[in-house]
Amino acid sequence: MPQPETTRKRTRDPEAKRTAILDAARATFAELGYERATIREIAKRAGVANGLVTLYFSSKENLFIAAAAPQQIVQNVVGDLEGLPRRVASSFIQQMESGELAESFTALLRSSTSDRSVARELQRAMREQSITAYRQVSSDDDAEAKVEMIVAVLNGVALGRYVLADGLLAAMSPEEVIDRTTELLRTVVLG
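Residues numbered from 1 in each chain as written. Predicted model: local features only at pLDDT ≥ 70, side-chain atom pairs only at ≥ 80, totals over all residues. Heavy atoms only, no water.

- The name recorded for the protein in an unreviewed UniProt entry is TetR family transcriptional regulator, from Streptomyces levis.

Focus on the packing of helix 2 (residues 39–46) against helix 3 (residues 50–57)
If you want to describe how two helices pack, look at the angle between their axes and the distance between the axes.
Line of reasoning, step 1. Between helix 2 and helix 3, the least distance of the axes is 8 Å, while the angle of their chain directions is 105°. Between helix 2 and helix 3, the interaxial angle falls into the category roughly perpendicular. On helix 3, the residues that touch I39, R40 and A43 of helix 2 are N50, V53 and T54.
Line of reasoning, step 2. Here the contact of helix 2 with helix 3 is composed, by residue class, of three nonpolar, two polar and one charged. (Axes fitted to C-alpha atoms, helices over the stretch in contact; angles between N-to-C directions. Helix = DSSP H or I, 4+ residues; strand = E, 2+ residues; numbered from the N terminus. Parallel < 35°, antiparallel > 145°, perpendicular 65-115°, else oblique. Contact = heavy atoms within 4.5 Å. Nonpolar A, V, L, I, M, F, W, Y, C, P; charged D, E, K, R; others polar.)

Considerations on the nonpolar core
Line of reasoning, step 1. Counting 25 residues, the largest nonpolar core has L84, V88, Y134, I150 and L185 as its most contacted members.
Line of reasoning, step 2. Taken together, the elements giving at least two residues each to this core come down to helix 6 (84–98), helix 8 (116–134), helix 9 (143–163) and helix 11 (174–190).
Line of reasoning, step 3. The residues contacting L84, other than those within four sequence positions of it, are V77, Y134, V137 and V189.
Line of reasoning, step 4. Ranked by size, the runner-up nonpolar core spans 24 residues in total, among them L22, A25, A37 and V118. (Core = buried A, V, L, I, M, F, W, Y, C linked by side-chain atoms within 4.5 Å. Buried < 20%, exposed > 50% of the residue type's maximum accessible area, 1.4 Å probe, protein only.)

Some thoughts on the side chain of K146
Line of reasoning, step 1. For K146, the location among the structural elements is in helix 9.
Line of reasoning, step 2. In this view, K146 contacts Y134, D140, V188 and V189; residues no more than four positions away in its chain are not counted.

Some words on the UniProt feature "DNA-binding region" (unreviewed entry) in the protein
Line of reasoning, step 1. Here the UniProt feature "DNA-binding region" (unreviewed entry) sits at residues 38–57.
Line of reasoning, step 2. Across residues 38–57 one finds 80% helix and 0% strand; the C-alpha atoms that close the span lie 13 Å apart. (UniProt positions renumbered as here; feature names shortened; annotations may be inferred.)

Notes on the side chain of T181
Line of reasoning, step 1. Relative to the helices and strands, T181 is located in helix 11.
Line of reasoning, step 2. A relative accessible area of 2% means that T181 is categorised as buried.
Line of reasoning, step 3. Separated by 2.7 Å, the side chain of T181 and the backbone oxygen of V177 make a polar contact. (Polar contact = N/O pair within 3.5 Å; in protein donor to acceptor, adjacent residues only side chain to side chain.)

Description of the packing of helix 9 against helix 11
Line of reasoning, step 1. Where helix 9 contacts helix 11, the axes come no closer than 10 Å and their chain directions differ by 155°. In this view, helix 9 runs roughly antiparallel relative to helix 11, as classed from their interaxial angle. Once helix 9 is placed against helix 11, the crossing between them reads as right-handed. For the pair helix 9 and helix 11, the contacting residues are K146, M149, I150, V153, L154, V157 and R161 in the first and P174, V177, T181, L184, L185, V188 and V189 in the second. (Left-handed = near helix turned anticlockwise from the far one by under 90°.)

Considering helix 11
Line of reasoning, step 1. Its 17 residues place the ends of helix 11 23 Å apart at the C-alpha level, agreeing with the 24 Å of an ideal helix rising 1.5 Å per residue.
Line of reasoning, step 2. The set of residues buried in helix 11 consists of V177, I178, T181, T182, L185, V188 and V189. End-on view of helix 11: buried residues confined to an arc of 135°, all on one side of the axis.
Line of reasoning, step 3. Looking at the buried positions of helix 11, the neighbouring elements they touch are helix 6, helix 8, helix 9 and helix 10 (168–171). (Expected span 1.5 Å × (residues − 1). Arc of directions from axis to C-beta.)

Description of the environment of R45
Line of reasoning, step 1. Locating R45 in the fold gives a position in helix 2.
Line of reasoning, step 2. Judged by its relative accessible area of 34%, R45 is partly exposed.
Line of reasoning, step 3. Discounting residues that sit within four places of it in the chain, R45 has contacts with A24, A27, T28 and E31.
Line of reasoning, step 4. A distance of 2.7 Å separates a polar atom in the side chain of R45 from a polar atom in the side chain of E41.

See below:
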């Protein structure tokens, strides 16, 4: 009498799959840019079916926005208003130094040259997240303008230090960049 075939129980871990997709998307967008990256390539790198990528994110544009938006910076806003500039500067610079945000920033720059509508959509999503987070520490009527200036300062630091990587800004220690960025952000937030 033949033995029944043993069936392997499939484990489902949607959060692990979502994380794998986002990691693969960050790497793919950074390497290929928005225009050349495909859902198929991202799914292959993540080890999942194409349909699962679409199920989680519905489109390449939504996946790009989810992969490139710096959630960690927004999460580090909570605390007192006085300490906000240092928390934001430290979080941003540490993540850029570790490479966590460098790929996203590179992907954003590449996409802005090939598809401005996606870059604008990403900026809009980041701005909305940042404004929501900023309102947790301040009821300032000028929150939107301050967030725009914070984003401009961080973009400038990232471009000068990590993309162009030339000059005094690129040669500074991470601690000095954090200190100087904190002072700029202090002027924006508390000025």
